[in-house]
Amino acid sequence: MTVTEQPSRPAQTAAPRWQPARDPAPLLPDAEPYRVLGTPAAARLDAELMRGLYGELVRGRRYNQQATALTKQGRLAVYPSTTGQEACEIAAARVLREQDWLFPSYRDTLAAVARGLDPVQALTLLRGDWHTGYDPREHRIAPLCTPLATQLPHAVGLAHAARLKGDDVVALALVGDGGTSEGDFHEALNFAAVWQAPVVFLVQNNGFAISVPLAKQTAAPSLAHKGVGYGIPGSLVDGNDVAAVYEVLTEAVERARSGGGPTLVEALTYRIDAHTNADDATRYRSAEEVEAWRAHDPVALLERELTGRGWLDEAGIEAAREAAEEMAAELRAAMNADAELDPADLFAHVFAERTSQLREQEAMVRAELAAESADGPAAGPVAGEEH
Ligand SMILES: Cc1ncc(C[n+]2csc(CCOP(=O)(O)OP(=O)(O)O)c2C)c(N)n1
Ligand SMILES: [Mg+2]
């Protein structure tokens, strides 16, 4: 006797239908990362746009080298380099309009610089000089975010609010592979999808979260697949192919702008340098692995394509290098000047009303500074503080 034949059971009603509300197939990323450079698709590229991106990549590479050198000279406290990841950084900055917002992580000073921020301002936080170092509203660049993935819900909130107000604003948020394991990643993607917020998430999968390789970070088929669970299209792209990243992000930004909702883009790339200057990457990865990725270098990939097509010549390469050298020289000079800092600023911009703990800490710092100074107290009362 089958279960349905049992006489004591009530008449069987039709099982409630629960079907996926949406067909997941269109949300799935392709199996292979999208590429343009070195493929027939490169023939339809805009030569002028690509030459511009090439100049920015060369400048970006030089910026990474210079900032790293500044850590060795004691002029920068810490620098998380994006050497090898320049294509993602540059493309992310370039696909946005002026009114849009960029939400960077600590690694993404280059994206901020490519969006037009003064490199010295971009490095202020990493130099340990001041809070953000720039006015986020002026540049439409959120503060560089050190707590992993917390920039993502902020991006969603800003994008959703702009949409409610009828403002034409897209938010593009950058996050690392490790950041996708954070609760904030989940919350941000879920809200973004439910609200259809105009936001683009760009995961720079550079293979590692400090020393933790991706295989120990996730069992997902790819990070782009994570979008499907939220109802967000996932897209996989070669993160060292600037033409491909530019195209995929442009499409995602346009979709967001036209009311089509969020996109999750996973860019496959590699962190050529250590996590920061304080890290020794040889302890957890092989020289062979690094060399293999050096052979897939974003600057070289584009250079090869452009010179092969006759879109870039030696003079063009030289001009890009000279412009990059000029930027590096300016950055060196600016960073070699000592910043004038008031230690009391540490306490001045944390809360609208200072807490008793902050007041105690401030008094402690003042006392220490006074003790160190032969001339007596180091600083007067802080503006706005009641004494
Ligand atoms: C909430 C939080 N937990 C831990 C850390 C310490 N931490 C700093 S960077 C990092 C690795 C992040 O890796 P990933 O997201 O892949 O970014 P990448 O540094 O590779 O760009 C960790 C664990 C942090 N900053 N914030
Ligand atoms: Mg990483």
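Quick caveat, the model's predicted, so the values are computed rather than measured.

> Honestly, the site of ligand 1 in this entry has me stumped. Any pointers?
Around ligand 1, the surrounding shell holds 14 residues, and the nearest of these are Leu-148, Gly-176, Gly-178, Gly-179 and Ala-209. Classifying every residue of the shell around ligand 1 gives five nonpolar, six polar and three charged.

> Hey, could you run me through the sheet that holds strand β1 (residues 101–103) in this one?
Strand pairs in the sheet, formed through backbone hydrogen bonds, run parallel or antiparallel to each other. Spatial strand order, β1-β2-β3-β7-β6: five strands in an open sheet with parallel pairing. Of all the strands in the sheet, the pair left with one neighbour each is β1 and β6 (234–238). Within this sheet the neighbouring strands show an average axis-to-axis angle of 20 degrees, counted without direction. Relative to strand β7 (residues 263–268), strand β3 (residues 199–205) is paired through six bridges, and the arrangement is parallel. Among the inter-strand pairings, Phe-201 is bridged to a residue of β7, identified as Leu-264. Across the sheet, helix α7 (residues 151–165) touches β1, β2 (171–176) and β3, and the angle it forms with β2 is around 170 degrees.

> When you look at helix α15 (residues 356–372) in this model, what are you seeing that I'm missing?
One turn of an α-helix holds 3.6 residues; hence residues three or four places apart share an orientation. In this model α15 runs 24 Å from its N-terminal to its C-terminal C-alpha over 17 residues, within 8% of the 24 Å that 1.5 Å per residue would give. When you tally the buried positions in α15, you get zero out of 17 residues, a small fraction of the element.

> Sorry, what's going on with the pairing of β6 here?
Moving residue by residue along a regular strand, the side chains alternate between the two faces of the sheet. In terms of burial, β6 is largely enclosed, as five of its five residues are buried. Judged by which residues are buried, β6 turns out to be covered on both faces: Gly-234, Leu-236 and Asp-238 on one side and Ser-235 and Val-237 on the other are all buried. Pairing of β6 with β7, which is carried by five bridges, proceeds in the parallel orientation. Looking across to β7, one finds that Val-237 is bridged to Ala-267. Read from β6 through helix α10 (residues 242–257) to β7, the crossover connection turns out right-handed.

> Before we go on, may I ask you to explain helix α12 (residues 298–308) in this structure?
Every buried residue of α12 is listed here: Pro-298, Leu-301, Leu-302, Glu-305 and Leu-306. Projected onto a plane normal to the axis of α12, the buried residues spread over an arc of 120 degrees and lie on a single side. For α12, the secondary structure elements touched by its buried residues are α1 (47–72), α2 (86–94) and α10. Two residues or fewer after α12 comes Gly-310, characterised by a positive phi angle close to 75 degrees.

> What is the right way to read the UniProt feature "domain: Dehydrogenase E1 component" (unreviewed entry) in the chain from this model?
Taking the numbering used here, the UniProt-annotated feature "domain: Dehydrogenase E1 component" (unreviewed entry) corresponds to residues 64–330. The span residues 64–330 shows a helical share of 45% and a strand share of 12%, and its end C-alpha atoms are spaced 14 Å apart.

> Help me understand the domain arrangement of the chain in this model?
What the domain assignment lists for the chain is domain 1 (25–336) and domain 2 (342–387). The straight-line distance from the C-alpha centre of domain 1 to that of domain 2 is 38 Å.

> Can you help me understand the packing of α1 against helix α13 (residues 314–336) in this one?
Describing two packed helices takes the angle between their axes plus the distance from one axis to the other. Between α1 and α13, the least distance of the axes is 9 Å, while the angle of their chain directions is 35 degrees. The two elements α1 and α13 meet at a crossing, and its hand is right-handed. On α13, the residues that touch Arg-51, Tyr-54, Gly-55, Val-58, Arg-59, Arg-62, Tyr-63, Gln-66 and Leu-70 of α1 are Gly-316, Ala-320, Arg-321, Ala-323, Ala-324, Glu-325, Met-327, Ala-328, Leu-331, Arg-332 and Met-335.

> Any chance you could explain the pairing of β7 here in plain terms?
Taken across its six residues, β7 has six buried, putting it largely inside the fold. Here β7 shows a buried face lined by Thr-263, Val-265 and Ala-267 and a second buried face lined by Leu-264, Glu-266 and Leu-268.

> Just checking my understanding: could you explain unusual backbone geometry for this structure?
In most cases, non-glycine residues show a negative phi, while peptide bonds are predominantly trans. Even without a glycine there, the phi angle at Arg-140 is positive, about 60 degrees. Relative to the helices and strands, Arg-140 is located in the loop between α6 (136–139) and α7. Residues other than glycine seldom take positive phi values, yet Ala-149 does so here, at roughly 70 degrees. One can find Ala-149 in the loop between α6 and α7.

Calculation criteria
- Residues numbered from 1 in each chain as written.
- Chains lettered and ligands numbered in written order.
- Predicted model: local features only at pLDDT ≥ 70, side-chain atom pairs only at ≥ 80, totals over all residues.
- Near = placed C-beta within 6 Å.
- Nonpolar A, V, L, I, M, F, W, Y, C, P; charged D, E, K, R; others polar.
- Pairing = 2+ DSSP bridges.
- Helix = DSSP H or I, 4+ residues; strand = E, 2+ residues; numbered from the N terminus.
- Axes fitted to C-alpha atoms, helices over the stretch in contact; angles between N-to-C directions.
- Contact = placed C-beta atoms within 7 Å.
- Expected span 1.5 Å × (residues − 1).
- Buried ≥ 20, exposed ≤ 12 C-beta atoms within 10 Å, placed from the backbone.
- Right-handed = clockwise from strand over helix to strand, strands pointing away.
- Arc of directions from axis to C-beta.
- UniProt positions renumbered as here; feature names shortened; annotations may be inferred.
- Domains from an automatic or database assignment.
- Left-handed = near helix turned anticlockwise from the far one by under 90°.

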